[in-house]
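Understanding the architecture of this molecule
Here is what each chain is made of, one letter per residue.
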Amino acid sequence: MFAWGEDSQRGFRLKVASHVDSRPTTDNGVHPMNVSYYITDLSGGHNVLAFVKSNGNAFIIRTNVSKDGRRARGKQKFVEWKEKIRAVSCGDDMVTLLSERGTVLCVDATRTYIPRPLEALCSIPVCQVACGSQHSVALTKDGQVYTWGQDSRGQLGLGKRKPGANSPQHLRSLSALPLVQIAAGGEQSFALSVSGGVFGWGRNHCGQLGLGDTTDRHTPTPVHCLHMKETIHISCGKNHTATLTKTGAVFTFGSGQYGQLGHNSFRDELRPRLVAELWGAKVSMTACGQHHTLVLTDSKRIYSFGCGEQGQLGHGGESQPSVPLPVQLPQDTADDPKVRNIFAGGNCSFATCRSNEDIHEEANNDVTPHCLDDAIDKWTPECDSKSWKKIKQEIHRMFSSASCVNASFLEQSKDKHFQTSSKYSGLNLSLARRAFKKLVKKDNVFAELEAAVLHLLPCLEKKPVGVEGLRIYLLLNELLHVIHRHKWQNICTKLSEAVAAAVLNLSADSLLVIGDWWSSLSPSTMVRHVKVWKQALSMILSCRPVPRNSGVRNLLLVLQYMYNANNRIAEPGRLPERDFCVVIDKHFLQEDLQIWHLWSKRKKMHAEPLILCSFPILLDLESKKFAFDMDTIISKQEAIQHTYLDLFWEYGCIPLPQDLLFQLDLRRGSVLEDTLELLAVGCDSDYKLPLLIVFDENYTINDIPLYTKDFFHEVFHEMVSVEYGMFMFNDSKTLAWFPSRATHEVQRYFQFGLLCGLAMYNHCIIHLPFPLTLFKKLLGVKPSLVDMIEFSPCVGKSLLEILKVYEDNVIESLYEVFKITCDGTEVDLDLENPEKPVTGQNKKEFVDAYVNHAFNTSVESVFQEFKRGFFQVCDRDLVKLFRPEELQEVLVGKDFQDWAKLKQNTVYEGEYNTTPPHPTIQMFWEVFEELTEDQKKDFLRFVTGFERVPVLKMEKIKMTVKVPQVQDLSYDWYFPETHTCNSTLELPLYSTKEIMHTKLTEALSKNSQNYKEDLRL
């Protein structure tokens, strides 16, 4: 062993007649010490030094101070204890020892050398201890931290409280972190996690916590500057700190008064700074004394820097203590010493060695946290009752410890877990999944596991100090997936509900991290995690009655969080919306809708709607449409009741049936004109009544749906036309949008919205050639550049090029400003900064402003009128069940391409109603098959009046085919004709297939041309 610094040799019991080693003391003051034992651990404080021999015996050497102030070490004193000692740490006067069995002992060296066990930790095995000047820290084998002693500067980490604690106090804020080391010095403390997270607390007047300021911390705080630096060790001096990375780099921070940071300066460093002078030398060990620092490289060279007044640097009279310089150790070529360990304490430095022949067992104070990776294989084999009792205790201990779970199943490949961050969990979930499969296959093991997890969940921290404390939530999700898959016959939602409650108990910041981790999962893993909550919900929703408690709502909220996380994923990797839908019974939806109606009217209700208007993500389009249609039925019934009562009380007689309808009496030649006049004088309550369209007085009940369909067809084709002039159109005249300058009175846009609402309310699809952004705006979704590309591909792609293609210097060379031309008028996109130039830094702001002006600002007044009219009829909350794409499909219908289904559903009347099929019918379907896809779509419009079909009615689409009545029976002269009101095709009895093909395609062409002319008009 070598020693240098204050009284470096004194106090140690050397071999007889060997006060001086055979190797001479160097000029730098480094003394070889020929001790008769091997030292496995050593620590020095201001007034005391302690060490542990390889045989487990511990000794204390007290530094005495004479009356004239001189300091001198006394003799080493044996610490008598029944167990072997494995580690030691010294404060100014106190010594803390740790036995091999994990017992913590304290010795007040000012009074006695008899150790005193700490009662508070007697039943808790400890694996590591560390001392500051007047405080101590202990790390238990299950990863928990305890602190005691003086707390003048927050060094106990317990928050602002009393000055100190005489007995160990549990530091709960670190309880979820998988810790591997603790460190203390002066009045500061540190903890290190398995993935390199560094957490500090206590005094910070010199920046020794590395947080970028000089403010003390009374609770553990992450040192963000060391984030992902792969820290594996921390050493503390009185007012400075050194950290070592896995790659052998050293960072120092805190007081630089004596050059102890090694940066060739005497300046304090408030943030961790790399010791550049050590670059290229891979450091394997660091140690801090009071005001100096030692490092050991993998080539077994020792470097030191800092205060050398007592010779503790081993440099002799070297004048540059602020940079790392090598310590010159005495050499003996006959017995080449290998430095194994370095220690620094107070004003002393030590190095322990071994020769090539003499190998001693060393103390290993590094902590490998308890984790599940290796333990699970020991639990699953068959065993006797005694072994099972021990296994039960292990299962409970490990699954009751968040620290243990969070240390498990790390991604060890290329040490990826050291990259753990708010965006990456550092977990190997496939490894966890395989391990959990083994556990759940044994019923007794699974029962103990479940009980332990249920015990743990309520104890989890609301806001763990570091993100590593959140790994447990991903692992529990994997566990639940395995349980649901392999225990489906006996599955219970109790554990799922408990996990959901724990997730929702997290702080907003922690939930954001969980969300980002979910977003980073592979699609297959994301699907598994989503299924966990869907399966639990499906089980609960299948109960009768369905419980409406907090447990169910927690499950719903977790699934909503996962949905939100999924939406943050770029489109190719995002799960489809249907993956979040749950099969929901229609009776439950009706019940939920009735509760929602009462609840929305603020009537006293013991229950709230569980899903409707709160969690639409669970509903597929069919369920949403069912709920909306049921709502319209209820609304119509309520409107009829209100109208009936109003008329009865006003006139004192029973109203006629027609008085309980919203009836529009229209002339065939002026449908739109009559409609707008009637809407202008209508009452708000009328719109909720059942709609009745009358074109003449002699109508039958069968005419009502046909008239309604015909009405909406004519009204919307006229209003949304170029000639009518109510809307602007894109360059290709395929999409309409609101004008920035209204060409009609504003009321007309209100009526247009009213008609759209009436169509949806009465289950009719309409001709509404608007971009998706219309439906986004109705639902409060912000338009984007994608919407501009849909409406105006030329403008949209130009804006996209500004964002994605043009380099910053090219953009600036264009001399563009935040100004565009709209309807012949220049518009400033930034009113507060006119003539603002477009640059590489603000190009996204410019594009967003352009899109916002086009779809929002420029059309605000007319769109708000349209929106007001729409929601005058349709309930806003029920409409918001739909996503923009779904709302568009409900209002406009869907493209139809299943022509086989059309053929299957076709009905034949009169002469065509034969078995086998009539020859003309066979000929017709042969001709139909030969049509192009566009011609088939033209045929659909020819027969039904629409290019699209009602959503969810794709299976029900059909037409009726019959023989037309002609006077001369020369069918070859006639074209096919249709009645779009009831989707009837009058197909003449053509003599040949060629004639039928010619007549049909000409009819389709003429109809298509007329349709396009109508659009242009």
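Below is a summary of the structure that appears in this document. Here the structure is a predicted model, which means the values were calculated and not measured.

For the protein, the count of helices and strands is 27 helices and 40 strands. What you see for the protein is a C-alpha radius of gyration of 41 Å, clearly larger than the 31 Å of a compact globule of 1017 residues, by over 25%. Principal axes of the C-alpha set define a box for the protein whose edges measure 140 × 75 × 65 Å. Sequence-distant contacts, at least 24 apart, represent 63% of the contacts inside the protein between residues at least 6 apart. Accessible surface, the protein: about 46700 Å² in total, of which carbon and sulfur atoms supply 50%. Side chains of the protein carry 113 positive and 122 negative charges; the gap between the two charge centres is 11 Å.

Counting residues in each nonpolar core, the largest one holds 187 residues, and the members touching the most others are F399, F738 and F752. For F738, the contacting residues outside a window of four places in its chain are F727, M728, Y749, F770, L774, V859, V862, F863 and F866. Counting residues in each nonpolar core, the second largest holds 30 residues, with F896, M923, F928 and L987 among its members.

On to the sheet that holds strand 40 (residues 984-986), then. Read from one edge to the other, the open sheet built from 4 strands follows the order 36-38-40-39, with strand pairing classed as mixed. The outermost strands of the open sheet, each flanked by one partner alone, are strand 36 (907-908) and strand 39 (977-979). Where strand 39 lies against strand 40, 3 bridges are found, and the strand directions are antiparallel. Looking across to strand 40, one finds that H979 is bridged to T984. Together, strand 39 and strand 40 form the strand contacts of helix 26 (residues 933-944), whose direction differs from that of strand 39 by roughly 55°.

The subject of this paragraph is the pairing of strand 17 (residues 198-202). Counting buried residues along strand 17, 5 of its 5 residues qualify, which places the element largely inside the surrounding structure. Of the two faces of strand 17, the one carrying V198, G200 and G202 and the one carrying F199 and W201 are both buried. Looking at chain direction, strand 16 (residues 188-193) and strand 17 are connected through 5 bridges and run antiparallel. Counterpart to A191 in the pairing with strand 17 is F199. Counted along the chain from strand 16 to the antiparallel partner strand 17, the turn is 4 residues long, and its residue G196 has a positive phi close to 90°. Pairing geometry for strand 17 and strand 18 (residues 217-222), over 3 bridges, is antiparallel. Opposite G200, over in strand 18, you have T221 as the bridge partner.

Here helix 6 (residues 471-486) crosses helix 8 (residues 508-520) at 50°, and the two axes come no closer than 10 Å. In terms of orientation, helix 6 and helix 8 fall into the oblique class. In the crossing of helix 6 with helix 8, the sense of the turn from one axis to the other is right-handed. Facing helix 6, whose interface residues are R471, Y473, L474 and N477, helix 8 presents I514, W517 and W518.

In this section: the sheet that holds strand 27 (residues 338-345). Taken in spatial order, the 4 strands make up an open sheet running 2-1-28-27, and their pairing is antiparallel. Here the strands that pair on one side only, and so sit at the sheet edges, are strand 2 (31-32) and strand 27. Judged from the 4 bridges that link them, strand 1 (residues 2-5) and strand 28 (residues 348-354) form a sheet pairing that is antiparallel. Residue pairing for strand 28: W4 is matched across the bridge by S349.

With that settled, consider the side chain of D216. Structurally, D216 is set in the loop between strand 17 and strand 18. In this structure the side chain of D216 is engaged in a polar contact, spanning 2.6 Å, whose partner is the side chain of R153. Within the structure, the side chain of D216 is placed 2.8 Å from the backbone nitrogen of N204, a separation counted as a polar contact. When sequence neighbours within four positions are dropped, the list of residues in contact with D216 reads R153, G202, R203, N204 and H205.

Between its first and last C-alpha atoms helix 18 (residues 793-804) spans 16 Å; for 12 residues at 1.5 Å apiece the expected length is 16 Å, and the two agree. By the burial criterion, the buried members of helix 18 are G796, L799 and I802. What you see down the axis of helix 18 is that its buried residues fit within an arc of 115°, all on one side. Across helix 18 from its buried face, at more than 90 degrees, point the exposed residues C794 and K804. Contacts made by the buried residues of helix 18 are with helix 17 (785-791), helix 19 (808-813) and helix 20 (843-855).

What follows concerns the pattern of salt bridges. Between side chains of opposite charge, a pair can form when the charged atoms approach closely. Evaluation of the coordinates by the stated rule reveals 44 salt bridges. Salt-bridge contacts for D710 lead to R668; the nearest nitrogen and oxygen are separated by 2.7 Å. You can see D710 sitting in helix 14 (residues 703-719) and its partner R668 sitting in the loop between strand 29 (662-665) and helix 13 (671-681), a full 42 residues away along the chain. Looking at R668, the relative accessible area reads 41%, which means it is partly exposed. Across the pair D808 and K843 runs a salt bridge, and its minimum N-O distance is 3.6 Å. Here K843 lies in helix 20 and D808 lies in helix 19, a separation of 35 residues in the sequence. According to the relative accessible area criterion, K843 is buried, its value standing at 15%. Within this structure, E577, K624, R883, E885 and E886 form a network of salt bridges that share partners.

Here we come to unusual backbone geometry. In the segment running from R544 into P545, the intervening peptide bond is cis, with an omega of -5°. Position of P545 relative to the elements: it lies in the loop between helix 9 (523-541) and helix 10 (550-567). Omega for the peptide link from T915 to P916 comes to -5°, which places this bond in the cis form. Position of P916 among the secondary structure elements: in the loop between strand 36 and helix 25 (919-930). Of note, the phi angle at K414 is positive, near 55°, even though the residue is not glycine. Residue placement: K414 occurs in the loop between helix 3 (402-406) and helix 4 (429-440). Look at K414 and you get exposed, because its relative accessible area is 77%. For S983, which is not a glycine, the phi torsion comes out positive at approximately 55°. Position of S983 among the secondary structure elements: in the loop between strand 39 and strand 40. Judged by relative accessible area, S983 falls into the buried class, the value being 9%.

Here is what the cut-offs are and how they apply
- Residues numbered from 1 in each chain as written.
- Predicted model: local features only at pLDDT ≥ 70, side-chain atom pairs only at ≥ 80, totals over all residues.
- Heavy atoms only, no water.
- Helix = DSSP H or I, 4+ residues; strand = E, 2+ residues; numbered from the N terminus.
- Rg over C-alpha atoms; globule rule 2.2 N^0.38 Å.
- Contact = heavy atoms within 4.5 Å.
- Areas by Shrake-Rupley, 256 points an atom, 1.4 Å probe, with all protein chains shown as cover.
- Lys, Arg positive; Asp, Glu negative; His and termini not counted.
- Charge placed at Lys NZ, Arg CZ, Asp CG, Glu CD.
- Core = buried A, V, L, I, M, F, W, Y, C linked by side-chain atoms within 4.5 Å.
- Buried < 20%, exposed > 50% of the residue type's maximum accessible area, 1.4 Å probe, protein only.
- Pairing = 2+ DSSP bridges.
- Axes fitted to C-alpha atoms, helices over the stretch in contact; angles between N-to-C directions.
- Parallel < 35°, antiparallel > 145°, perpendicular 65-115°, else oblique.
- Left-handed = near helix turned anticlockwise from the far one by under 90°.
- Polar contact = N/O pair within 3.5 Å; in protein donor to acceptor, adjacent residues only side chain to side chain.
- Expected span 1.5 Å × (residues − 1).
- Arc of directions from axis to C-beta.
- Salt bridge = Lys/Arg side-chain N within 4 Å of Asp/Glu carboxyl O.

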